[in-house]
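A structural walkthrough
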Amino acid sequence: EPEVTQTPSHQVTQMGQEVILRCVPISNHLYFYWYRQILGQKVEFLVSFYNNEISEKSEIFDDQFSVERPDGSNFTLKIRSTKLEDSAMYFCASEGTGVGEQFFGPGTRLTVL
Amino acid sequence: AQSVAQPEDQVNVAEGNPLTVKCTYSVSGNPYLFWYVQYPNRGLQFLLKYITGDNLVKGSYGFEAEFKRSQSSFNLRKPSVHWSDAAEYFCAVAPGYSSASKIIFGSGTRLSIRP
């Protein structure tokens with residue numbers, strides 16, 4: 001069964017450093033998403049991406065965040081200068097039809113020290 | 001504001017007993033409703049969705065959910081739980097149809113199973 005994969009599973013970084021979280025969506029999917037879950041809190045939407053551009057972004061997704069689909073298979077989330085409050089589990093998701101059934105990856109746990 | 005509420009942080013059910021996990025939502029227009037499950041150290045797995053049609057939706061692993069517009073609810077049910085159902089369950093809503101529609105999640109309900 002096809003699945004969304006994410007690397008690394010755990011990333012530890014120093015405050016102010018740049019991190020890139022990587023995702024490989026399901027191959028024939030067209031819509032891509034990033035969500036995050038701060039420990040003990042809800043899963044929150046960050047950004048959606050379709051046709052090589054951002055479709056929607058939340059207030060969390062400020063200028064420090066960017067997304068890219070560099071090679072037609074990977075989908076990356078970059079945080080330019082990490083803050084302590086960026087520590088969270090980051091989930092990538094992909095979808096084939098544009099409504100509903102989003103398939104989630106296992107997540108990357110980001111720890112900012 | 002669009003939101004999803006799961007009033008129970010945790011439920012504890014005896015194996016073999018029925019399960020109900022409560023969910024209410026607040027969204028303008030026709031909601032698209034979902035249930036996801038998260039097993040320990042795993043990603044979110046899709047269980048079922050309501051888009052339109054029959055208010056009773058059947059999903060994976062014997063789960064079902066009933067959409068009640070009058071109560072703005074979408075409760076998850078299973079007639080008989082198994083120990084392997086122990087996980088966290090998330091209700092979610094997509095606020096109407098649009099391409100690349102975000103999903104708004106509830107806070108989750110952790111299910112524990114007692115022997």
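Each chain has its residues counted from 1, running along the sequence as written. Lettering for chains starts from A, numbering for ligands starts from 1, and both go in the order in which the items are written. Given that the model is predicted, a residue must reach a pLDDT of at least 70 before its local features are reported, and side-chain atom pairs must reach 80 or more before they are shown or counted; all residues, however, enter totals for whole chains, interfaces and linings. Side-chain calculation: all heavy atoms of the structure are included, whereas hydrogens and water are not.

1. Concerning the overall build of chain A
Secondary structure elements are defined from DSSP: runs of H or I of at least 4 residues count as helices, runs of E of at least 2 residues count as strands, and each element is numbered from the N terminus. For chain A, the helix and strand inventory stands at zero helices and eleven strands. Along its sequence from the N terminus, chain A presents helices and strands in the succession β-β-β-β-β-β-β-β-β-β-β. A compact globule built from 113 residues should have a C-alpha radius of gyration of about 13 Å, and chain A, at 13 Å, falls within 12% of that. Considering chain A as a whole, with its 113 residues, one finds that 47% of them fall into the buried category. With the radius of gyration taken over C-alpha atoms, the globule rule is written as 2.2 Å times the number of residues to the power 0.38. Residue burial is assigned from relative accessible area. The probe radius is 1.4 Å, only protein chains are included, and a residue is buried under 20% of its type maximum, exposed over 50%, and partly exposed in between.

2. Quick notes on the side chain of D85(B)
All names here are of chain B. Relative to the helices and strands, D85 resides in the loop between β9 (73–78) and β10 (87–94). Exposure remark for D85: the relative accessible area of 3% places this residue in the buried category. Contacts: residue pairs with any heavy atoms within 4.5 Å of one another. Setting aside residues no more than four positions away along its own chain, D85 makes contact with F63, K78 and L111.

3. A few points about the interface of chain B and chain A
In this complex, chain B contributes 22 residues to the contact, which on the side of chain A involves 20 residues. Throughout this description, the term salt bridge denotes a Lys or Arg side-chain nitrogen within 4 Å of a carboxyl oxygen of Asp or Glu. There are two salt bridges connecting chain B and chain A. E56(A) is the salt-bridge partner of K102(B), the closest N and O atoms lying 3.4 Å from each other. Polar contacts here mean pairs of N or O atoms no more than 3.5 Å apart (in protein, one a potential hydrogen donor and the other a potential acceptor; neighbouring residues in sequence count only if both atoms are side-chain atoms). Where chain B meets chain A, there are four residue pairs in polar contact (both at pLDDT 80 or more). Going through the elements one at a time, β5 (32–38) and β6 (44–50) of chain B are the ones with two or more residues in the side of chain B that touches chain A.

4. Some points on the state of the cysteines
Residue and element names in this part refer to chain A. Criterion for a disulfide: a pair of cysteine sulfur atoms at a distance within 2.5 Å. All chains considered together, the criterion is met by two disulfides over all chains. Note on cysteine connectivity: C23 is disulfide-linked to C92, with sulfurs 1.9 Å apart. The sign of the S-S torsion, about -65°, decides the handedness of the disulfide formed by C23 and C92: left-handed. One end of the pair, C23, is in strand β3 (residues 19–24); the other, C92, is in strand β9 (residues 88–95), with 69 residues separating them in the sequence.

5. Description of the sheet that holds strand β7 (residues 65–68) of chain A
Residue and element names in this part refer to chain A. Strand pairing is assigned whenever DSSP detects at least two bridges linking the two strands. Pairing is antiparallel in the open sheet, where four strands are placed in the order β1-β3-β8-β7. The open sheet has two edge strands with one neighbour each: β1 (5–7) and β7. Neighbour-to-neighbour, the strand axes of this sheet turn through a mean angle of 20°, independent of strand direction. Lines are fitted to the C-alpha atoms to define the axes, a helix being fitted only along its stretch in contact, and any angle between axes, read from their N-to-C directions, falls within 0 to 180 degrees.

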